[in-house]
Amino acid sequence: MHGSLFRDLEEVRQAVSEFRDRYDRHRRLEKPGFLSSREARQSHAIRKAASNQLRTVH
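The rules behind these values
Residues numbered from 1 in each chain as written. Predicted model: local features only at pLDDT ≥ 70, side-chain atom pairs only at ≥ 80, totals over all residues. Heavy atoms only, no water. Helix = DSSP H or I, 4+ residues; strand = E, 2+ residues; numbered from the N terminus. Buried < 20%, exposed > 50% of the residue type's maximum accessible area, 1.4 Å probe, protein only. Areas by Shrake-Rupley, 256 points an atom, 1.4 Å probe, with all protein chains shown as cover. Salt bridge = Lys/Arg side-chain N within 4 Å of Asp/Glu carboxyl O. Expected span 1.5 Å × (residues − 1). Polar contact = N/O pair within 3.5 Å; in protein donor to acceptor, adjacent residues only side chain to side chain. pLDDT = per-residue confidence, 0-100.

**Looking at the overall build of the chain**
Then step 1. Looking only at helices and strands, one finds two helices and two strands in the chain.
Then step 2. Across the chain, helices and strands are ordered from the amino to the carboxyl terminus as α-β-β-α.
Then step 3. Out of the 58 residues in the chain, the part that is buried amounts to 9%.
Then step 4. As displayed, the chain has an accessible area near 5300 Å², and 55% of this comes from carbon and sulfur atoms.

Spelled out as structure tokens, the structure:
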């Protein structure tokens, strides 16, 4: 996106959306075990749901 010229706000929105999607799918982060942002969020949600389920059982 750096150096890109956009004709209108809709083009900016589209470019940002595409960038965010690519980033979430492909950018690997060291802290959560080299998962992508999307994978890290999914893993966290699964762990949280499992933890909540254990609390309701006990």
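**Focus: the pattern of salt bridges**
Then step 1. Within the structure shown, the criterion is met by two salt bridges.
Then step 2. Note that Glu 11 and Arg 7 form a salt bridge whose closest N and O atoms lie 2.5 Å from each other.
Then step 3. Owing to a relative accessible area of 74%, Arg 7 belongs among the exposed residues under this scheme.
Then step 4. Put simply, Asp 21 and Arg 38 hold a salt bridge, and the shortest N to O gap is 2.9 Å. Of this pair, Asp 21 sits in helix H1 (residues 9-26) while Arg 38 is found in helix H2 (residues 37-57), placing the two residues 17 residues apart along the sequence.
Then step 5. By relative accessible area, Asp 21 is classed as partly exposed at 29%.

**Notes on H1**
Side chains of residues three or four places apart in an α-helix project in the same direction, reflecting 3.6 residues per turn.
Then step 1. Relative to the 26 Å expected for 18 residues at 1.5 Å per residue, H1 spans 26 Å between its end C-alpha atoms, a close match to the ideal helical length.
Then step 2. Capping of H1 at its N-terminal end is provided by Asp 8; its side-chain oxygen lies 3.2 Å from the backbone amide nitrogen of Glu 10.

**A word on the confidence of the model for the chain**
Then step 1. Across the chain, the average pLDDT comes to 82, with 86% of residues at or above 70.
Then step 2. In the model of the chain, strand E1 (residues 28-29) stands out as the element of lowest mean pLDDT, 68, in contrast to H1, which has the highest, 88.

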